[in-house]
Amino acid sequence: MRPADELRDAVRSLLGEALYVYQDNPRAATWLRDHLTRFDEPLRLAVTGPPGAGKSTLVNVLVGADVAPVRTGLPGQPLTWYTDGPAPRVTVYPSQGPAHELTVARLGDALRLEPSGPPPDDASEVVVELPVRALRHAQLVDTPPVRVGTGAAAGGEPGPDAALARRVLRDADAVLYLTRHVDDADRRFLRLARQGAVAAAAPVSVLTVLSRADELAGGGLGALVEAKQLARRHRRDPVFGPMSQHVVALAPRLARAAGALTEPEFGTLAALAGVPRPELDPVVLSADRFAGWAAGPVDATARRALLDRLGLTGVRLAVTLVRAGAATREQLGAELVRRSGLAELRESLRELFLDRRDALKARSALIALEFMVRAEPMPGADHLLAELERIVAGAHEFQELRLLAALRAGRVSLPAPLDAEARRLAGAVGTSVVARLGLEHEPSPDEAWSLGTEALRRWRPAAEDVALTAAQRRAATVVVRTCEGLLARLGAAEALA
């Protein structure tokens, strides 16, 4: 049995015990059943952050279509859920009363909706069903802007934004937290994510995105490089780094535009690339100059469309790439996507969230159970807390996630021959036995056992090597336990064969 399966089954069993203890409390029982059901659903991934961080743009990038923001025209601060469905459909759930289905009026730069009957008084949640492959493994949650005040993370008066932040952290299994640049409000949100015994002990479920990477350095060609360097510094910061599973730099508008670049747009960029540098460079120093340029080969409408689509940094970068040899729309789009930071974000999502969805759902359930037991104590609930603490302490999946985050951020580094193997064995390229052992084929039981045994023999000495630092030995100890788990799985499979 995989470690993730063991953790999932242990948490399911604990939730079942809790249902028995709280059987006379309808609200608690409903909450527990909801978390049991969530194990069979796609991962819940929230996209949140302060105003202007680019949340809706990133949702559109991840979905692959312009579906956000959803404008209902109703009061309230709804969470908008994007889920897989057979056809476009939108349902509004008010704070009180029955749900209302809305007609999708237009799929353009956003979903615009019309009520099919009398509209509700407000909107607490909006559920958007779309036939999109990207939503089969993760439900996306687009939240209202969140900016946590000074008292919240210290346990003071929460305020509306802190209450919204706690709601997001409660309802989601993992969070993409977007910000232009890290400030005190961002740190307060990340500290909220670690409040409570389970949240502090289990791996952080937040990935921080510096979401305006193309606006640094005055929006020059060096903006994206500078943003990636800034993200690296945040990852390695001994205080900020542990607050987030990873920190990546991203230019969401550039990523979205690159994925949907049209032939006419490529033609416009190619025409600009043909303009001599001494003539074009002064024009692209500012958006106003570029929009008002009268002497160029591209008309004003096409220039404004490019600015809206790519931004000024994106226009400069695209022209530079065409001059450097991007000869087709496909080549240019692929290079823009790579430079936007989207590839790194997707890889991080796979490694830290999607491949670990059962562990993250278990974490969400344990946090919810801890909160409920402390908020509404019942006879027999002390046993639930004790069992909860035992599960958290023994969950190897959580230890692997912490190790991967530390290795990726550079807070822990291992000697070159060991570093790559540690990442692979801990599940960086996949959590199957084949992926962990670095194979491209399904091994025979004897081959898998031999490779697992060899890995264990290499890592046991490292866990006790006094020449390594304490942090390196702890990392090696996690890998040793991973190897032991692999061999246990292989032995169990052989016994059942």
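Small disclaimer: the values here were computed from a predicted structure and weren't measured.

J.: How should I be thinking about the pairing of strand 9 (residues 174–179) in this particular structure?
T.: Across a regular strand the side chains alternate sides, sitting on one face of the sheet and then on the other. With respect to burial, strand 9 is a largely interior element, 6 of its 6 residues being buried. Here strand 9 shows two buried faces, one formed by Ala-174, Leu-176 and Leu-178 and the other by Val-175, Tyr-177 and Thr-179. Judged from the 4 bridges that link them, strand 1 (residues 43–48) and strand 9 form a sheet pairing that is parallel. Across the sheet, the residue bridging to Ala-46 is Val-175, located in strand 9. Both strand 9 and strand 10 (residues 206–210) contribute to a ladder of 5 bridges, which runs parallel. The residue of strand 10 that forms the bridge with Leu-176 is Leu-207.

J.: Honestly, the environment of Arg-474 in this entry has me stumped. Any pointers?
T.: Within the secondary structure, Arg-474 is located in helix 21 (residues 470–496). Through-space distance from the C-alpha of Arg-474 to that of Leu-403 is 9.1 Å; in sequence the pair is 71 residues apart.

J.: Help me understand the packing of aromatic side chains, please; the structure alone is not making it clear to me.
T.: Two measures describe an aromatic ring pair: the distance that separates the ring centres and the angle between the ring planes. All chains considered together, the criterion is met by 2 aromatic pairs. On the numbers, 5.8 Å between centres and 75° between planes, the contact of Trp-31 with Phe-371 is edge-to-face. Placement of Trp-31 in helix 2 (residues 26–38) and of Phe-371 in helix 15 (residues 357–375) is noted, with a sequence separation of 340 residues between them. Taking 4.5 Å as the distance between ring centres and 20° as the angle between the ring planes, the aromatic pair formed by Tyr-177 and Phe-189 counts as stacked. You can see Tyr-177 sitting in strand 9 and its partner Phe-189 sitting in helix 5 (residues 184–192), a full 12 residues away along the chain.

J.: Which parts of the structure should I look at to understand helix 3 (residues 55–63)?
T.: Because each turn of an α-helix spans 3.6 residues, side chains separated by three or four positions end up pointing in the same direction. Counting buried residues in helix 3 gives 8 out of 9 residues, a clear majority hidden from the surface. For helix 3, the full list of buried residues reads Lys-55, Ser-56, Leu-58, Val-59, Asn-60, Val-61, Leu-62 and Val-63.

J.: Help me out: how do you make sense of the pattern of salt bridges in this one?
T.: As a working rule, side chains carrying opposite charge can pair if their charged atoms are close by. Taken as a whole and judged by the stated rule, the model has 34 salt bridges. Between Asp-173 and Arg-38 there is a salt bridge, and its shortest N-O distance comes to 2.7 Å. Here Asp-173 is found in the loop between helix 4 (159–171) and strand 9, whereas its partner Arg-38 is found in helix 2, with 135 residues between them in sequence. A residue is classified by how much of its surface remains accessible, and Arg-38, at 3% relative accessible area, is buried. Across the salt bridge formed by Arg-44 and Glu-41, the nearest N and O atoms sit 3.4 Å from each other. Take Arg-44: its relative accessible area is 11%, and that puts it in the buried class.

J.: Just to check I follow, could you spell out the pairing of strand 8 (residues 138–142) for this structure?
T.: With 5 of its 5 residues buried, strand 8 lies for the most part within the structure. Every second residue of strand 8 is oriented toward a common face, with Ala-138, Leu-140 and Asp-142 on one face and Gln-139 and Val-141 on the other, all of them buried. Of the strand pairs in this sheet, strand 1 and strand 8 are connected by 5 bridges, and their pairing is parallel. Considered in strand 8, the bridge of Val-47 is made with Asp-142. Pairing of strand 3 (residues 79–84) with strand 8 involves 3 bridges; the strand directions are antiparallel. Residue pairing for strand 8: Thr-80 is matched across the bridge by Asp-142.

About the cut-offs
Residues numbered from 1 in each chain as written. Predicted model: local features only at pLDDT ≥ 70, side-chain atom pairs only at ≥ 80, totals over all residues. Heavy atoms only, no water. Buried < 20%, exposed > 50% of the residue type's maximum accessible area, 1.4 Å probe, protein only. Helix = DSSP H or I, 4+ residues; strand = E, 2+ residues; numbered from the N terminus. Pairing = 2+ DSSP bridges. Phe/Tyr/Trp six-rings, centres within 6.5 Å; stacked < 30°, edge-to-face > 60°. Salt bridge = Lys/Arg side-chain N within 4 Å of Asp/Glu carboxyl O.

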